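Residue-level structural notes
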Amino acid sequence: MPRDHRPAKSVRVLLAEDQGMMRGALALLLGLEEDIEVVAQVARGDAIVGTALETRPDVALLDIELPGRSGLDAAADLREQCPDCRVLILTTFGRPGYLRRAMEAGAAGFLVKDGPVEDLAEAVRRVLRGETVIDPALAAAALSAGPNPLTARECDVLKASVDGATVSDISGTLHLSESTVRNYLSSAIGKTGTRNRMEAMREARQQGWL
């Protein structure tokens, strides 16, 4: 079959990736597959759901760390608003915590970007068939790492600690008292086994908990 003729029913893919060169390369490579059609490309996480509602893809291929909204948050929104769209997470960061959060958000697959494009194309087909596709090494790491020990509020406080934010800054951002912020920070530091809140934030990010 010539490359410019596709089956009557191609797999329709939405691609969300903030790096233009990577997004273009993925779209080009997937487009070379006779049964896959990239119907939409977005560079921001907050554009995913709206674009999916307009283009009705079969599979949404999402990066995690996107401007505007994370791919994990968008995956949860897609589960509610586009239930027929299967989500496949493709990320540079193979962190156990990310995998757990992706599965909780309803993702059907989780792959890291260093694999061959043939594996990615096959993963797209497999998730459309109703299978779950997870990078084996990452699955093993997630099982050994255990669940996220941080509460949702502890995560919120650590996220608000970026760029040297003071306790007062965090208090104002999250509408919490300063003593409550200090308690959450102290608890997060203890749970991550670190010495201060910046180390706690780095450790939580490294584990994929934030």
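See above for the structure.
These remarks concern the structure in this document. Note that the structure is a prediction, hence the values are computed from the model and not measured.

Rules used throughout
- Residues numbered from 1 in each chain as written.
- Predicted model: local features only at pLDDT ≥ 70, side-chain atom pairs only at ≥ 80, totals over all residues.
- Heavy atoms only, no water.
- Buried < 20%, exposed > 50% of the residue type's maximum accessible area, 1.4 Å probe, protein only.
- Helix = DSSP H or I, 4+ residues; strand = E, 2+ residues; numbered from the N terminus.
- Pairing = 2+ DSSP bridges.
- Right-handed = clockwise from strand over helix to strand, strands pointing away.
- Contact = heavy atoms within 4.5 Å.
- Axes fitted to C-alpha atoms, helices over the stretch in contact; angles between N-to-C directions.

A short note on the pairing of strand β1 (residues 11-16)
Within β1, five of the six residues are buried, leaving the element largely enclosed by the surrounding structure. Two strands pair when backbone bridges link them, and β1 and strand β2 (residues 36-42) are joined in this way by six bridges, in the parallel orientation. Its bridge partner lying in β2, V11 is registered against I36. For the segment spanning β1, helix α1 (residues 20-31) and β2, crossover handedness is right-handed. Examined bridge by bridge, β1 and strand β3 (residues 59-62) share four bridges and lie parallel to one another. Across the sheet, residue L14 finds its bridge partner in β3, namely A60.

Focus on the sheet that holds β2
Taken together, six strands build an open sheet; the order of strands is β2-β1-β3-β4-β5-β6 and the sheet is parallel. Pairing within the sheet leaves two strands with one partner each, and these edge strands are β2 and β6 (133-134). The sheet contact formed by strand β4 (residues 86-91) and strand β5 (residues 109-112) spans four bridges and is parallel. Residue pairing across strands places T91 opposite V112, the latter belonging to β5. Its contacts with the sheet place helix α4 (residues 96-104) against β4, β5 and β6, and it is angled at close to 150° to β5. Set on the sheet, helix α5 (residues 117-128) makes contact with β1, β2, β3, β4, β5 and β6; between it and β4 the angle comes to about 155°.

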